[in-house]
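# What the coordinates show
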Amino acid sequence: MMLAAELALAKVDVAVVERRPDHVLVGSRAGGFHSRTIEVLDQRGVADRFLAKGQVAQVATFATTVLDMSDFPTRHPYSLGIWQNQIERIMAVWISELPVRIYYRCEVTGFAQDDTGVDVQLSDGQLLRARYLVGCDGGRSVIRQTAGIEFPGWDPTKSNLIAEGEVTEKPDLGTRHDALGVHAIGRLEYEIRDGEVVYMDEGPVRVMVTEQQLGHSSEPTLADLSEALITVYGTDFGIHSPTWISRFTDMTRQAASYRAGRVLLAGDSAHVHYPAGGQGLSLGVQDAVNLGWKLAQVVSGTSPESLLDTYHDERHPVAARALRHTMAQTALQRQDERTRALVDVVSELASMDEPRKRLAGIISGLDIHYDLGEGHPLLGRRMPDLDLVTADGPLRVFELLHGAKPVLLNLGEPGGFDITPWAERVQLIDAEYAGPWELPVLGAVTAPTAVLIRPDGYVAWVADQTHLGLAEALTTWFGAPTPRCV
């Protein structure tokens, strides 16, 4: 849905194929966003919709270590606890306000691509013709498999059941670690107070329990859940009437390529991992925001097709690093004596300021750095949401990005830039800013006199005294200049 919103904002005709009858998700599934993803939603002017329904906590977690990030230089120095079914409802309302077509009760069963587009076969017999096809169909992606994209990685070593249901006995709320792994029981209704989860006294429960054996191939049942709970807790707490039960493992895989011709991948179709650290939803949303404006420019003819290659070049390393850290966190959850000693060492190191900031920067996504070459520390990093003074009054940087359009922000002498050949594509904003420049993890940086900000909020060019390289950056990211009329 995030990708559909990005394309619609760029005035590209977009359709979503959704196998469910609507966007009402049964069960809570994943549970939140990290700081950079909240910033991304803020860039589009919709962050408040999610913040109103979630719970904020100024922490990130690495395995069992809690990392305070309240001192991070961002308007959102926190994670947001919000269940996936709430996230999808809010997203569905947002895209209903945009020109997005949705084909409900359909799945992609196959496709064939040629030099000009993709013929997409749907499960209800319809055949759609599209310029490009993006697979957002999960870890078992039919689109990825049909495209012939390899999915290398690591096989599972453990299996978990996750479910929601009612109980007749008072459950043992909270998280438990033992030789099998991590287990948790919580009420669906909760609050976060001083960084701690406080559950309500009544209501349905959400259960996550590590299974004793790996290798189940059938769909999980209430009997499986009861057996797993008894193994760990000595009772199943009288669990009954489950709204859903699911199984997941620590299998970790990443697509070898995020693009095969006119077919691209995003989210779980491109990468799967154990949910330690809670980075899955955030990775997918940020995939969509990186890809959306690039795909829109290629479809509109503004940029050459080669721009799509930068999607893989930028997002593949980000996910690869997240997968490595997820595997590390999974390993630290083991409860043998040697692992506990390692956890103690990691926790001790993470209590120090520099390691804390580095780990929290990785988990939150605030330290993402796309390799755009040598230059100012801002280059390739997310633009801070500064409080600007403009001729039209005060503005935040993120407000300039609500329409998903790039910005050349001039902080020097007004009128110092002429970007007439790109004027219809790039906003030119003259502004003043007198405050500090501070980046997460890196700290204070030299104030630039101008920056070119991509629609995804990352800096594509930083001015030096001569403004060298601006035309090249504009051409690289936003297409060739429009010829001037004589």
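So, how was this worked out
- Going along each chain's sequence as written, the residues are numbered from 1 onward.
- pLDDT decides what is reported in this predicted model: residues at 70 or higher carry local features, side-chain atom pairs at 80 or more are listed and counted, and totals for whole chains, interfaces and linings draw on all residues regardless.
- As a convention, hydrogens and water are excluded, and side-chain values are obtained from all of the structure's heavy atoms.
- Salt bridges are counted wherever a side-chain nitrogen of Lys or Arg sits within 4 Å of a carboxyl oxygen of Asp or Glu.
- Numbering of helices and strands runs from the N terminus; a helix is a DSSP stretch of H or I covering at least four residues, while a strand is a stretch of E covering at least two.
- Think of it in three bands: with a 1.4 Å probe and only protein chains considered, a residue is buried below 20% of the maximum accessible area for its type, exposed above 50%, and partly exposed in between.
- One bridge is not enough; two strands pair if DSSP finds at least two bridges between them.
- The angle between two axes is taken between their N-to-C directions and runs from 0 to 180 degrees, where each axis is a line fitted to C-alpha atoms and a helix contributes only its stretch in contact.
- Angles below 35 degrees are treated as roughly parallel, those above 145 as roughly antiparallel, those between 65 and 115 as roughly perpendicular, and all remaining angles as oblique.
- Note on convention: the crossing is left-handed when the near helix lies turned anticlockwise from the far helix by less than a right angle, right-handed when the turn is clockwise.
- In this analysis, two residues are considered to be in contact whenever any of their non-hydrogen atoms come within 4.5 Å of each other.
- Residues are grouped as follows: nonpolar covers Ala, Val, Leu, Ile, Met, Phe, Trp, Tyr, Cys and Pro; charged covers Asp, Glu, Lys and Arg; every other residue, Gly included, is treated as polar.
- Pairing of N or O atoms within 3.5 Å defines a polar contact, subject to two protein rules: one partner must be a possible hydrogen donor and the other a possible acceptor, and residues neighboring in sequence count only if both atoms are side-chain atoms.

Next up on the list: the pattern of salt bridges. Pairing is possible between side chains of opposite charge, provided their charged atoms come close. Applying the stated rule across the entire model yields 30 salt bridges. Here Asp155 and Arg253 are joined by a salt bridge, their closest N and O atoms 2.4 Å apart. Of this pair, Asp155 sits in the loop between strand E11 (153–154) and strand E12 (159–166) while Arg253 sits in strand E19 (residues 252–254), placing them 98 residues apart in sequence. Accessibility expressed as a relative area gives 17% for Arg253, which makes it buried. In this structure, Arg315 engages Asp287 in a salt bridge whose closest nitrogen and oxygen atoms are separated by 2.8 Å. One end of the pair, Arg315, is in helix H8 (residues 309–332); the other, Asp287, is in helix H7 (residues 280–299), and 28 residues separate them in sequence. A relative accessible area of 0% places Asp287 in the buried class.

Now for the sheet that holds strand E25 (residues 407–410). In spatial order, the strands read E24-E23-E26-E25-E29-E30; together these six strands make up an open sheet with mixed pairing. For this open sheet the edge positions go to strand E24 (393–396) and strand E30 (459–462), each flanked by a neighbour on one side alone. Neighbour-to-neighbour, the strand axes of this sheet turn through a mean angle of 35°, independent of strand direction. Pairing of strand E23 (residues 387–390) with E24, which is carried by four bridges, proceeds in the antiparallel orientation. Residue Thr390 lies in a different strand from E24, and its bridge partner there is Gly393.

Before going further, it helps to examine the packing of helix H1 (residues 2–9) against H7. Relative to each other, H1 and H7 sit at 30°, their axes nearing to 8 Å. Judged by the angle between their axes, H1 and H7 are roughly parallel. By crossing handedness, the relation of H1 to H7 is classed as right-handed. Across from Met2, Leu3, Glu6 and Leu7 in H1, the residues of H7 making contact are Val285, Ala288, Val289, Leu291, Gly292, Leu295 and Ala296. Taken together, the residues that form the contact of H1 with H7 break down as nine nonpolar, one polar and one charged.

Structurally, Thr390 is set in strand E23. We classify Thr390 as buried; its relative accessible area is 13%. A C-alpha to C-alpha distance of 7.9 Å links Thr390 and Ile429, two positions 39 residues apart in sequence. In this view, Thr390 contacts Leu395, Ile429, Asp430 and Ala431; residues no more than four positions away in its chain are not counted. Polar contacts involving the side chain of Thr390 include one to the main-chain carbonyl oxygen of Gly393, which spans 2.6 Å.

With that settled, the discussion passes to the sheet that holds strand E7 (residues 108–113). Strands sit in the order E7-E8-E9 across an open sheet of three strands; the sheet is antiparallel. Of all the strands in the sheet, the pair left with one neighbour each is E7 and strand E9 (127–130). The mean inter-strand angle of the sheet, taken between neighbouring strand axes irrespective of direction, is 20°. The pairing of E7 with strand E8 (residues 118–122) spans five bridges and is classified as antiparallel. Within the sheet, the bridge partner assigned to Gly110 lies in E8 and is Gln121.

Here we come to the pairing of strand E29 (residues 450–453). Going residue by residue along E29, you find Ala450 and Leu452 tucked away on one face and Val451 and Ile453 tucked away on the opposite face as well. Pairing geometry for E25 and E29, over four bridges, is antiparallel. When the sheet's bridge partners are listed, Leu409 is paired in E29 with Val451. The sheet contact formed by E29 and E30 spans three bridges and is antiparallel. Each bridged residue has a counterpart across the sheet, and for Leu452 the counterpart in E30 is Trp461. Hairpin connection, E29 to E30: the antiparallel pair is bridged by five residues, and Gly457 has positive phi, about 90°.

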